[in-house]
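# Summary of structural features
If you want the building blocks of each chain, they are given just below.
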Amino acid sequence: MTEDDPTDEISEIEAQIEELAESAERSRRIILGSKVAIAGGFALLAVALLGLLGAGQTAALGSIALVLGGIVSLGSNVSTLRQTEAAISTAEARRARLIGNIDLRLVHDAPLKLM
């Protein structure tokens, strides 16, 4: 390989894209968990406010904490996901540029030799 051969850099970019994709998937799972926590917190708050199942003030405070924690986690991970997706797009564009700059040779059609 020559110094101008971009294949090593392309491989590094592809590895970086894979790591970013794993990070994005992790953020998506946390976002889903945050939404579940928010919904569960609201349901528990409704139960506590209506006095069902003997839920009291502790359950109401816990549900409020669950909702607020879910909102904070959701916001943080949505912003992380956006940044990760932007980084993936940038890396993919860079990889496409490097691939486009490769001087490809055409392989001429040659008759197949049968053994």
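Residues numbered from 1 in each chain as written. Predicted model: local features only at pLDDT ≥ 70, side-chain atom pairs only at ≥ 80, totals over all residues. Heavy atoms only, no water.

## Topic: the overall build of the protein
Within the protein, the secondary structure is distributed over 2 helices and 0 strands. A burial count over the protein gives 23% of its 115 residues as buried. In the protein, once contacts between residues fewer than 6 apart in sequence are set aside, the share between residues at least 24 apart is 78%. Here the protein has roughly 8,900 Å² of accessible surface; of this, 61% comes from carbon and sulfur atoms. (Helix = DSSP H or I, 4+ residues; strand = E, 2+ residues; numbered from the N terminus. Buried < 20%, exposed > 50% of the residue type's maximum accessible area, 1.4 Å probe, protein only. Contact = heavy atoms within 4.5 Å. Areas by Shrake-Rupley, 256 points an atom, 1.4 Å probe, with all protein chains shown as cover.)

## Regarding the nonpolar core
What tends to happen in soluble globular proteins is that the nonpolar side chains get buried as a cluster. The biggest cluster of nonpolar side chains holds 7 residues, and these are Ile10, Ile13, Ile17, Leu20, Ile88, Ala91 and Leu98. Going through the elements one at a time, α1 (7–50) and α2 (57–101) are the ones with two or more residues in this core. The contacts of Ile10, once residues within four sequence positions are left out, are Arg95, Leu98, Ile99 and Ile102. (Core = buried A, V, L, I, M, F, W, Y, C linked by side-chain atoms within 4.5 Å.)

## Some remarks on the UniProt feature "transmembrane region" (unreviewed entry) in the protein
As recorded in UniProt, the sites labelled "transmembrane region" (unreviewed entry) are residues 36–53 and 59–78. Taken end to end, residues 59–78 comprises 100% helix and 0% strand; its first and last C-alpha atoms sit 28 Å apart. (UniProt positions renumbered as here; feature names shortened; annotations may be inferred.)

## Structural notes on a negative patch on the surface
Among the surface-exposed residues, Glu14, Glu18, Glu19 and Glu22 lie close enough to one another that they form a single negatively charged patch. Here Glu18 shows up in helix α1. (Patch = residues over 30% accessible without salt bridge, like charges linked within 9 Å, V, L, I, M, F, W, Y side chains within 5 Å. Salt bridge = Lys/Arg side-chain N within 4 Å of Asp/Glu carboxyl O. Lys, Arg positive; Asp, Glu negative; His and termini not counted. Charge placed at Lys NZ, Arg CZ, Asp CG, Glu CD.)

## What to know about the pattern of salt bridges
Where charged atoms of side chains with opposite charge meet at close range, the side chains can pair. The full count for this structure, using the stated rule, is 3 salt bridges. Of the charged contacts, one joins Glu25 and Arg28 as a salt bridge, the two residues approaching to 3.7 Å between their closest N and O atoms. Pair noted here: Glu25 and Arg28 are both in helix α1, with a separation of 3 residues, about one helical turn. In this structure, Arg28 engages Glu85 in a salt bridge whose closest nitrogen and oxygen atoms are separated by 3.0 Å.

## Focus: the packing of α1 against α2
When two helices pack together, their arrangement is given by the angle between the helix axes and by the axis-to-axis distance. Put simply, α1 and α2 touch, their axes get as near as 7 Å, and they point 160° apart. In terms of axis orientation, α1 runs roughly antiparallel to α2. In terms of crossing hand, the pair formed by α1 and α2 is left-handed. Of the residues in the contact of α1 with α2, the class split is 28 nonpolar, 12 polar and 8 charged. (Axes fitted to C-alpha atoms, helices over the stretch in contact; angles between N-to-C directions. Parallel < 35°, antiparallel > 145°, perpendicular 65-115°, else oblique. Left-handed = near helix turned anticlockwise from the far one by under 90°. Nonpolar A, V, L, I, M, F, W, Y, C, P; charged D, E, K, R; others polar.)

## Here we look at α2
The end-to-end C-alpha separation of α2 is 66 Å, in line with the 66 Å expected for 45 residues at 1.5 Å each. On its buried face, α2 sits against α1. (Expected span 1.5 Å × (residues − 1).)

## Thoughts on the side chain of Ser27
Tracing the chain through its elements places Ser27 in helix α1. Residues contacting Ser27, with those up to four places away along its chain left out, are Asn77, Thr80 and Leu81.

## Observations regarding α1
Here α1 is 44 residues long and its end C-alpha atoms lie 64 Å apart, about the 64 Å a rise of 1.5 Å per residue gives. Just downstream of α1, Gly51 is the residue with a positive phi angle, here 75°.

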